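Chains, contacts and geometry: an overview
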There are 2 protein chains.
Amino acid sequence: VAQRLVIVGGDAGGMAAVSQVRANNDAIEIVALEKGHWTSYSACGIPYVLSGEVDDIESLVARRPQEFRDRHGVDVRMRHEAAAINLDERTVEVRDHGHDRTYRLGFDHLLIATGAAAQRPAVEGCNLPFVHDVRTLDHAVALQPVSAASMGTNVVIVGGGYLGVELAEAMVHRGANVALVDRNLEVMKSLDPDLGAIVTKEMRHAGVNAITGAVVEAIEPGTVHTSSGPVSADLVLLAAGVKPNSALAEAAGLRLGAADAIWVDRRQRTSAEGVWSAGDCSASVHRVSGRPMWIALGTHANKQSRVAGINIGGGYATFPGVLGTAITRFGDLEISRTGLNQAEAAGAGFDATATTIEATTTAGYYPGAQPMTVRAVVERGSGRLLGAQIVGGAGAAKRIDTCAVAITAGMTVNDIVDLDLAYAPPFAGVWDPVLVAARAAMKVG
Amino acid sequence: VAQRLVIVGGDAGGMAAVSQVRANNDAIEIVALEKGHWTSYSACGIPYVLSGEVDDIESLVARRPQEFRDRHGVDVRMRHEAAAINLDERTVEVRDHGHDRTYRLGFDHLLIATGAAAQRPAVEGCNLPFVHDVRTLDHAVALQPVSAASMGTNVVIVGGGYLGVELAEAMVHRGANVALVDRNLEVMKSLDPDLGAIVTKEMRHAGVNAITGAVVEAIEPGTVHTSSGPVSADLVLLAAGVKPNSALAEAAGLRLGAADAIWVDRRQRTSAEGVWSAGDCSASVHRVSGRPMWIALGTHANKQSRVAGINIGGGYATFPGVLGTAITRFGDLEISRTGLNQAEAAGAGFDATATTIEATTTAGYYPGAQPMTVRAVVERGSGRLLGAQIVGGAGAAKRIDTCAVAITAGMTVNDIVDLDLAYAPPFAGVWDPVLVAARAAMKVG
């Protein structure tokens, strides 16, 4: 009898495995359970739906259920939710929301890809109807008409990380009066504070009421009460972080790891034989610190799922961990980071220096040259690059990839100065800003 | 008595050494001889002066003679040319063009940075007054008014490499009727031909008469005769490559290397004690093939000169060689390459595969997503990345730096797939095109 793979969760963490499994195994039966209405979509695109830059929500869907059925022979069951996992029986208890029934489904392999959910502030009024999570495509469907009609209304965004900054941009783009509440003194806490300050300043310059160093204390109709006073609110968007959906796995007795995400080894195996996990619900390892960590990003979900799929199909692949590379934009200001910031480096036990340089996105004399700031976090003594952050004009932030590769390769700032990076006046100065940062860091020693 | 360093050539190859020498040596006397009118300028910026995007030619000058005098105590002698070097006497014979006199100047250290000169086709009419080199700032000064008045005139560009493509863009921008003659079947011969074809096509789409697979046979007033027939010409711009200015060094008995450039070791030492060379006149090594090579690029000139300066000052630094990374643009099409192309890989004895993928500059659904093509040249068996080429829309080409770092680190395509590169919809798809290329190359094996 053919084996059966059950995939719990129809987004990237689950479904990116399918083509890899199929590449090595035509015979295995694949059943995918998705509790919602969508498969394999780009949650990262939601802010651009709300801004109006992307009109067609469906364009965010990379692959539809029927595509998985037709091309890969997957039995995709929409609005079917895994309610419990029985590891001894090797069954999943499935709730079919469409037909209001429950059934048991046996598995040989199980891939848990339950993703992450928005973290809601534990304050009164958080469940009022004008307070919204911005996490799933269903949220996007609900919010699209609201955001389209938000000109002149008061929008309060809770949280100043990537999503918060992107939502602020979107709502400014819509002509709303935007306030953003962040508990830290500067937004973008994944940057060192002085680079975060550049972003905070740019947001204020664009008219955002950035209420930093403050927390939300209560929400009532028309008003968000913060520790810095009340703010008018017709709409509240929650962007206060996410948490892994690991309750199902935990209840089944699977080991949890960093941030209570599902523990996996380098092949995406959980603590139980034949049970795998990938995507936002699963933990990972930081490639610089070597420590367990958890981060929810679409790029990792796709890679981890690919690795799980190869292994489930009988091949061999490993996921080596993450650098925490991330990129975003506020208006014309690009923002990126990779590796460890200064606080993270200290926390991981490194003795690290931080060097910040100012350069321009193109040759200084080239029209449209924009300022860019590069920070290098470097291990003292060895000169090894541990992390980098970039804030600047068009073309600035994707340079973080150069730093990400150098960090992965264990390069020192001396190695980096020797790199043969591309130069022409419309693209860079003769010393690319990444090289300028490495040179400056060499002097610090 | 203090030692004396004589620098021959006042551009980057010579002058980038100065601050490094001074950092370690306050006492040494530094004399810099420059036969022309300018020091330390960006020759790479000249096409953008001709296009009119950069108005002020002086903005291309990074550091003026007086700055070297005031800040670094350098005796900068403009319009003084080194006519001969006597290694036994340790003197330079100097021609002072301003005062029409010749004198001898002793040195303890000598840094030869005589740069490169345009390679002129050996055809009749090449010295006619409407035929111009485009190499030095003096050329730019002469050509600026000509290009500004070129609307509706016939401009013929000889050579379809980086400079030729940039000049074609500049002259199209000015509204000239532009023809470009290139001996290869596609422009940009440093790319594999099918990627070069994308550039040729884009040039033709912009109205450039790209006469490929043809050579210039003669030039006469009003006409360039090519092997594909005559072309009307009010202005001819030569962009048929450069050659190292190594005659002075050769006459002194110094060893020459690749392409008859001045041979240097990894510390930028020539074959004679106390004699150094850096910049476009000096040879180098390819970091992938390990073979001697010569390439004239401002970024290397600066790095080599820095290394020479550190060593002359008594420190220790090496220049590890180049990857041949380069970048340019034609209109909205960005073009870049690094490492070995397919022909170069074969020539260096590698058994290499080439994989080409099509992707988009941003998430496919994001407004303004542009096509981009990535080619990966990969060693068979090991999977090591040997070279990469990128052609595409805004934001495409600078990604070549990611490849350049990966090549430098000796990464395989498997290593590259594991890289944590930055992802957000305005910047990339969830699999960055570089990762897509690596995945495709893995399948080729």
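Cut-offs used in this document
- Residues numbered from 1 in each chain as written.
- Chains lettered and ligands numbered in written order.
- Predicted model: local features only at pLDDT ≥ 70, side-chain atom pairs only at ≥ 80, totals over all residues.
- Heavy atoms only, no water.
- Helix = DSSP H or I, 4+ residues; strand = E, 2+ residues; numbered from the N terminus.
- Rg over C-alpha atoms; globule rule 2.2 N^0.38 Å.
- Buried < 20%, exposed > 50% of the residue type's maximum accessible area, 1.4 Å probe, protein only.
- Contact = heavy atoms within 4.5 Å.
- Areas by Shrake-Rupley, 256 points an atom, 1.4 Å probe, with all protein chains shown as cover.
- Lys, Arg positive; Asp, Glu negative; His and termini not counted.
- Charge placed at Lys NZ, Arg CZ, Asp CG, Glu CD.
- Core = buried A, V, L, I, M, F, W, Y, C linked by side-chain atoms within 4.5 Å.
- Buried area = accessible area lost by both parts, 1.4 Å probe.
- Salt bridge = Lys/Arg side-chain N within 4 Å of Asp/Glu carboxyl O.
- Least-squares fit on C-alpha atoms with pLDDT ≥ 70 in both.
- Phe/Tyr/Trp six-rings, centres within 6.5 Å; stacked < 30°, edge-to-face > 60°.
- Lys NZ or Arg CZ within 6 Å of the ring centre and 35° of its normal.
- Pairing = 2+ DSSP bridges.
- Axes fitted to C-alpha atoms, helices over the stretch in contact; angles between N-to-C directions.
- pLDDT = per-residue confidence, 0-100.
- Arc of directions from axis to C-beta.
- Parallel < 35°, antiparallel > 145°, perpendicular 65-115°, else oblique.
- Left-handed = near helix turned anticlockwise from the far one by under 90°.
- Polar contact = N/O pair within 3.5 Å; in protein donor to acceptor, adjacent residues only side chain to side chain.
- Expected span 1.5 Å × (residues − 1).

A separate point is the overall build of chain A. Counting secondary structure elements, chain A contains 13 helices and 25 strands. Relative to its length of 445 residues, chain A is compact, with a C-alpha radius of gyration of 23 Å against a globular reference of 22 Å. Its C-alpha atoms give chain A principal-axis dimensions of roughly 70 × 55 × 40 Å. The burial tally for chain A puts 58% of its 445 residues in the buried class. At a minimum sequence separation of 6, the contacts of chain A that also span at least 24 residues come to 63%. Carbon and sulfur atoms make up 49% of the accessible area of chain A, which amounts to about 16500 Å² in all. Computed over 38 positive and 47 negative side-chain charges, the separation of the two mean positions in chain A equals 4 Å.

Below, the discussion takes up the nonpolar core. L385 and I416 of chain A together with L385 and I416 of chain B are the most contacted members of the largest nonpolar core, which totals 84 residues. Discounting residues that sit within four places of it in the chain, I416 of chain A has contacts with L385, A406, M411, V434, L435 and A438 of chain A.

Residue-level contacts link 58 residues of chain B with 58 residues of chain A. Each partner contributes to the roughly 5100 Å² buried at the junction of chain B and chain A, and carbon and sulfur atoms together form 63% of this total. Counting the surface chain B buries against chain A, the share from its top three residues, Y365, D420 and F427 of chain B, is 15%. When the shortest N-O distance is used, the salt bridge between D432 of chain B and K398 of chain A registers 2.6 Å.

A few words now on the relation of the copies chain B and chain A. Rotating chain B by 180° and translating it 0.0 Å along the rotation axis places it on chain A, where the RMSD comes to 0.0 Å. The operation mapping one copy onto its partner corresponds to a two-fold rotation axis. Taking the C-alpha atom as reference, chain B places T402 of chain B closest to the rotation axis, 2.5 Å from it. Of the interface residues in chain B, 100% have counterparts in chain A that sit at the interface too, so the contact is made through matching surfaces.

Under the criterion given, the structure shown has two aromatic pairs over all chains. Residues Y366 of chain A and Y48 of chain B carry aromatic rings whose centres are separated by 5.3 Å and whose planes lie at 85° to one another, so their mutual orientation is edge-to-face. Taken together, the residues Y366 of chain A in the loop between strand 23 (352-360) and strand 24 (371-379) and Y48 of chain B in helix 3 (residues 46-50) connect one chain to another. One exposure class covers both Y366 of chain A and Y48 of chain B, and it is buried. The lysine or arginine in question, R439 of chain A, covers the ring of W431 of chain A, its NZ or CZ lying 4.3 Å from the ring centre.

Bringing the sheet that holds strand 1 (residues 4-8) of chain A into the picture now. Residues and elements named next belong to chain A. Judged by pairing direction, the sheet is parallel, and its five strands sit side by side in the order 3-2-1-7-18 without closing on themselves. Of all the strands in the sheet, the pair left with one neighbour each is strand 3 (74-78) and strand 18 (275-277). Between one strand and the next, the sheet's axes are offset by a mean angle of 15°, whatever the strand orientation. For strand 1 and strand 7 (residues 109-112), the ladder comprises four bridges, and the chain directions are parallel. The residue bridging V8 from the neighbouring strand is I112, located in strand 7. Across the sheet, helix 9 (residues 298-312) lies against strand 1, strand 7 and strand 18, angled at about 180° from strand 7, the strand it touches most.

A word on unusual backbone geometry. Across the chain, the bulk of peptide bonds are trans and the bulk of non-glycine residues have phi less than zero. Even without being a glycine, S40 of chain A presents a positive backbone phi close to 40°. Take S40 of chain A: it is sitting in the loop between strand 2 (29-34) and helix 3 (46-50). Despite not being glycine, Q268 of chain B has its phi angle at roughly 70°, a positive value. Structurally, the position occupied by Q268 of chain B is in the loop between helix 8 (247-251) and strand 18 (275-277).

What follows covers the pairing of strand 4 (residues 80-86) of chain A. All names here are of chain A. Relative to strand 5 (residues 91-96), strand 4 is paired through six bridges, and the arrangement is antiparallel. In the sheet register, H80 faces strand 5, and the bridge partner there is D96. Here strand 4 folds back onto strand 5 in antiparallel fashion, the turn holding four residues, of which R90 has a positive phi close to 55°.

Within a sheet, neighbouring strands are paired by backbone hydrogen bonds and run either parallel or antiparallel to one another. Residues and elements named next belong to chain B. An order of 13-14-15 is seen for the three strands of this open sheet, with the pairing classed as antiparallel. In the strand order of this sheet, the two ends are held by strand 13 (216-220) and strand 15 (229-233), each with one partner. Averaged over all pairs of adjacent strands, the angle between strand axes in this sheet comes to 20°, irrespective of strand direction. Direction of pairing for strand 14 (residues 222-226) relative to strand 15: antiparallel, over a ladder of five bridges. Across the sheet, T223 pairs through a bridge with S232, a residue of strand 15.

In the predicted model, chain A carries a mean pLDDT of 97, and 100% of its residues have values of at least 70. The complex model carries a pTM of 0.96, and its ipTM stands at 0.96.

Further remarks concern the environment of L248 of chain B. All names here are of chain B. Position of L248 among the secondary structure elements: in helix 8. Owing to a relative accessible area of 15%, L248 belongs among the buried residues under this scheme. Sequence separation of L248 and A170 is 78 residues, and the distance between their C-alpha atoms is 34 Å. When neighbours within four sequence positions are excluded, L248 is seen to be in contact with V8, A82, A83, A84, I85 and T114.

Residues and elements named next belong to chain B. Buried within helix 4 (residues 65-72) we find P65, F68 and H72. Projected down its long axis, helix 4 shows its buried positions confined to an angular sector of 85°, all on one face. In helix 4, the exposed residues that point more than 90 degrees away from the buried face are D70 and R71. Contact partners of the buried residues in helix 4: helix 1 (12-15), helix 2 (18-24) and strand 3 (74-78).

A few words now on the environment of H173 of chain A. With respect to the helices and strands, H173 of chain A occurs in helix 6 (residues 162-173). Residues H173 of chain A and S51 of chain A lie 122 residues apart in sequence; the distance between their C-alpha atoms is 6.0 Å.

Turning to the environment of P425 of chain A, a few remarks are in order. Residue placement: P425 of chain A occurs in the loop between helix 12 (413-417) and helix 13 (433-444). Residue classification places P425 of chain A among the buried residues on the basis of a relative accessible area of 1%. The spacing of P425 of chain A and Y365 of chain A is 60 residues in sequence and 8.2 Å in space, taken between C-alpha atoms. Beyond its immediate chain neighbours, meaning those up to four positions away, P425 of chain A contacts T362, A363, Y365 and Y366 of chain A together with C44, G45 and Y48 of chain B.

Moving on to the packing of helix 11 (residues 400-408) of chain A against helix 11 (residues 400-408) of chain B. At a closest axis distance of 8 Å, the pairing of helix 11 of chain A and helix 11 of chain B adopts a crossing angle of 15°. As the angle between them shows, helix 11 of chain A and helix 11 of chain B are arranged roughly parallel. As helix 11 of chain A runs across helix 11 of chain B, the sense of the crossing is right-handed. Listed contacts from helix 11 of chain B to D401, T402, V405 and A406 of chain A of helix 11 of chain A are D401, T402, V405 and A406 of chain B.

The next point concerns the side chain of T212 of chain B. All names here are of chain B. Mapped onto the fold, T212 is located in strand 12 (residues 209-212). We classify T212 as buried; its relative accessible area is 19%. Polar side-chain contacts of T212 include one of 3.4 Å to the side chain of R204.

Attention shifts here to the pattern of salt bridges. A pair can form between side chains of opposite charge whenever their charged atoms are brought close. Summed over all chains, the structure comprises 42 salt bridges over all chains. The partner of R77 of chain A in a salt bridge is D75 of chain A, and the shortest N-O contact between them spans 2.7 Å. Here the salt bridges share partners, and the residues they tie into one network are K398 and D401 of chain A together with R399 and D432 of chain B.

Residues and elements named next belong to chain A. Counted at 1.5 Å a residue, the expected span for helix 5 (residues 137-148) with its 12 residues is 16 Å, and the 16 Å between its end C-alpha atoms agrees. Among all positions in helix 5, only L137, A140, L143 and S147 are buried. The arc enclosing the buried residues of helix 5, seen along the axis, measures out at 110°, which places them on a common side. In this fold, the buried residues of helix 5 make contact with helix 3, strand 9 (131-133), helix 6 and strand 16 (235-238).

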